[in-house]
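Summary of the model geometry
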Amino acid sequence: MLSPRHVLATLMLAAATTPAVAAEHVVRMLNIGSNGTTMVFEPAFVQAEVGDTVRFVPETAGHYVRSLATPSGVSQWNSSEDQPYTVTLEQAGLYFYICPPHLMMGMIGLIQAGPHAANLPAVQASMQAQKGRMYSNTQRVDALLQQVKP
Ligand SMILES: [Cu+2]
């Protein structure tokens, strides 16, 4: 027989070890963002926790999402055009992704999972390298990197 005190202690232990409910972050893929700029992921920077999901929703035609730099052990994403796509952030760190047909217009995004960005140097290098392929909105690279919590 378990004493009431034992039951209470067990419940408290369970509450302390049960992870918080994972959040779902929605990133819209748009021809025109709410601030009037063209070809955007909105929001382009997402601060998340490990275990959260990010759902990419194409609201205008012609977009998809491909990861270019992710924490080690994460398989790369490559969604189908015009289809919603959900990823689970299984590792802490930074996830850099693009919309391949609109990379030249700066359609890029960045996710940070957890408080530490262990893979920042690799992600920074990947993002800076993409600048050379962009004809417009190159300032988005630095704007995204400035939001990272190192
Ligand atoms: Cu696009």
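Another point: the sheet that holds strand S2 (residues 38-42). With mixed pairing, the 4 strands of this open sheet are ordered in space as S2-S1-S4-S6. The open sheet has two free edges, formed respectively by S2 and strand S6 (85-88), since each of these has just one partner strand. Taking each pair of neighbouring strands and ignoring which way they run, the sheet shows an average axis angle of 15 degrees. Of the pairings in the sheet, the one linking strand S1 (residues 24-32) to strand S4 (residues 53-58) comprises 6 bridges and is parallel in character. The residue of S4 that forms the bridge with Glu24 is Thr53.

What follows concerns the coordination of the copper ion. At the metal site, the copper ion is ligated by His63 (ND1), Cys99 (SG), His102 (ND1) and Met107 (SD), and these contacts range over 2.0 to 2.6 Å. Around the copper ion, the 4 donor atoms sit at angles spanning 93 to 131 degrees, and that spread fits a shape best called tetrahedral.

This next bit is on the sheet that holds strand S5 (residues 66-69). The mixed open sheet is built from 4 strands, whose spatial order is S3-S8-S7-S5. Among the strands making up the open sheet, the edge pair consists of strand S3 (45-48) and S5. Neighbouring strand axes in the sheet, compared pairwise and without regard to direction, differ in orientation by 25 degrees on average. Each of S5, strand S7 (93-98) and strand S8 (108-113) touches helix H2 (residues 120-131); the most contacted strand, S7, lies at about 15 degrees to it.

Here is what the cut-offs are and how they apply
Residues numbered from 1 in each chain as written. Predicted model: local features only at pLDDT ≥ 70, side-chain atom pairs only at ≥ 80, totals over all residues. Heavy atoms only, no water. Pairing = 2+ DSSP bridges. Helix = DSSP H or I, 4+ residues; strand = E, 2+ residues; numbered from the N terminus. Axes fitted to C-alpha atoms, helices over the stretch in contact; angles between N-to-C directions. Donors = N, O, S within 2.8 Å, 3.2 Å for Na, K, Ca; no water. Tetrahedral: all angles 85-135°; square planar, octahedral: opposite > 155°, others 65-115°. Contact = heavy atoms within 4.5 Å.

Note that all results are geometric; they support no functional claim without further evidence.
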